[in-house]
Amino acid sequence: GVISLLKLVKKRGLKIGLVTHASKEWTQFKLDKTQLRKYFDHIEIVDTNRGKNGNDWVKALNMLNSKKENTIVVGDNINGDIISSYNEGFRNLVWIKRVGAWKVYSEGEVPNGVKVIPHISKLSSTLDI
């Protein structure tokens, strides 16, 4: 359901950014093989030698020329996605709590107000897109 979701978001005229913690080569490979690259207005690749942090989210936000109050952060990693963006002032947050996800992605306390969904396919109904 990812492609239909991305198409829907783009049809609504919204910008989409990707903040990913992976090597540049692996990110390019994934985006090309899945044919998802065309949906993203900005791709922020975080060096694998360090963890994703709030500065990465702010940098992507600035590249998209957007504001925190107009941005929805969606992630599957509590610390790298949810807590790090929350600590930078983002408040529209969705954590994808995937069954079978890498254990480290579930470490940390989910901040108040974060929407929790089990799968990306639930995002459009959760956000009423």
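Here is a short report on the structure shown in this document.

Calculation notes
- Residues numbered from 1 in each chain as written.
- Predicted model: local features only at pLDDT ≥ 70, side-chain atom pairs only at ≥ 80, totals over all residues.
- Heavy atoms only, no water.
- Core = buried A, V, L, I, M, F, W, Y, C linked by side-chain atoms within 4.5 Å.
- Buried < 20%, exposed > 50% of the residue type's maximum accessible area, 1.4 Å probe, protein only.
- Helix = DSSP H or I, 4+ residues; strand = E, 2+ residues; numbered from the N terminus.
- Contact = heavy atoms within 4.5 Å.
- Pairing = 2+ DSSP bridges.
- Right-handed = clockwise from strand over helix to strand, strands pointing away.
- Phe/Tyr/Trp six-rings, centres within 6.5 Å; stacked < 30°, edge-to-face > 60°.
- Lys NZ or Arg CZ within 6 Å of the ring centre and 35° of its normal.
- Salt bridge = Lys/Arg side-chain N within 4 Å of Asp/Glu carboxyl O.
- Arc of directions from axis to C-beta.

Things to note about the nonpolar core
Okay, so step 1: By size, the foremost hydrophobic cluster in this structure holds 14 residues, and its most contacted members are Phe90 and Leu93.
Okay, so step 2: Sorting the residues of this core by element identifies α3 (54-63), α4 (78-86) and β4 (93-96) as the ones contributing at least two each.
Okay, so step 3: Looking at this core element by element, the count peaks at four residues for α3.
Okay, so step 4: In this structure, Leu93 is in contact with Val73, Ile82, Ser85, Tyr86, Val114 and Lys115, ignoring residues within four places of it in sequence.
Okay, so step 5: Membership of the second largest hydrophobic core comes to 12 residues, among which are Val9, Ile16, Phe40 and Ile117.

Quick notes on the pairing of strand β2 (residues 42-46)
Within a regular strand, side chains alternate between the sheet's two faces.
Okay, so step 1: Only one face of β2 is covered, namely the face carrying His42, Glu44 and Val46; the face carrying Ile43 and Ile45 is uncovered.
Okay, so step 2: Bridge count for strand β1 (residues 17-21) against β2 is five bridges, and the pairing is parallel. For Leu18, the partnering residue across the bridge sits in β2 and is Ile43.
Okay, so step 3: With helix α2 (residues 24-34) bridging β1 and its parallel neighbour β2, the resulting β-α-β unit is right-handed.

Comments concerning the packing of aromatic side chains
Okay, so step 1: On inspection of all chains with the given rule, the structure shows two aromatic pairs.
Okay, so step 2: Seen from their ring centres, Trp26 and Phe29 are 5.4 Å apart, and the 25° between their planes marks the pair as stacked. In this pair, Trp26 and Phe29 are both assigned in helix α2, three residues apart and thus about one turn of the helix distant.
Okay, so step 3: Given the relative accessible area of 46%, Trp26 is considered partly exposed.
Okay, so step 4: On the numbers, 5.5 Å between centres and 65° between planes, the contact of Trp102 with Tyr105 is edge-to-face.
Okay, so step 5: The cationic tip of Lys68 hangs over the ring face of Phe90; the distance from NZ or CZ to the ring centre is 5.8 Å.
Okay, so step 6: A cation over a ring is seen here: Arg91 above Tyr86, with NZ or CZ 3.7 Å from the ring centre.

Examining the pattern of salt bridges
Okay, so step 1: By the definition in use, this model includes six salt bridges.
Okay, so step 2: Note that Asp41 is salt-bridged to Lys10, the shortest N-O span being 2.7 Å. Of this pair, Asp41 sits in the loop between α2 and β2 while Lys10 sits in helix α1 (residues 2-11), placing them 31 residues apart in sequence.
Okay, so step 3: Notably, a salt bridge pairs Arg98 with Asp76, separated by 3.2 Å at the nearest N-O pair. Of this pair, Arg98 sits in the loop between β4 and β5 (115-117) while Asp76 sits in the loop between β3 (73-75) and α4, and the two are 22 residues apart along the sequence.
Okay, so step 4: With a relative accessible area of 38%, Arg98 lands in the partly exposed category.
Okay, so step 5: Judged by its relative accessible area of 23%, Asp76 falls in the partly exposed class.

Thoughts on α1
Okay, so step 1: Buried residues of α1: Leu5, Leu6 and Val9, and no others. Buried positions in α1, seen along its axis, are confined to an arc of 95° and lie on one side of it.
Okay, so step 2: The inward-facing, buried residues of α1 abut α5 (123-127).
Okay, so step 3: The positive-phi residue at the C-terminal boundary of α1 is Gly13, with phi of around 85°.

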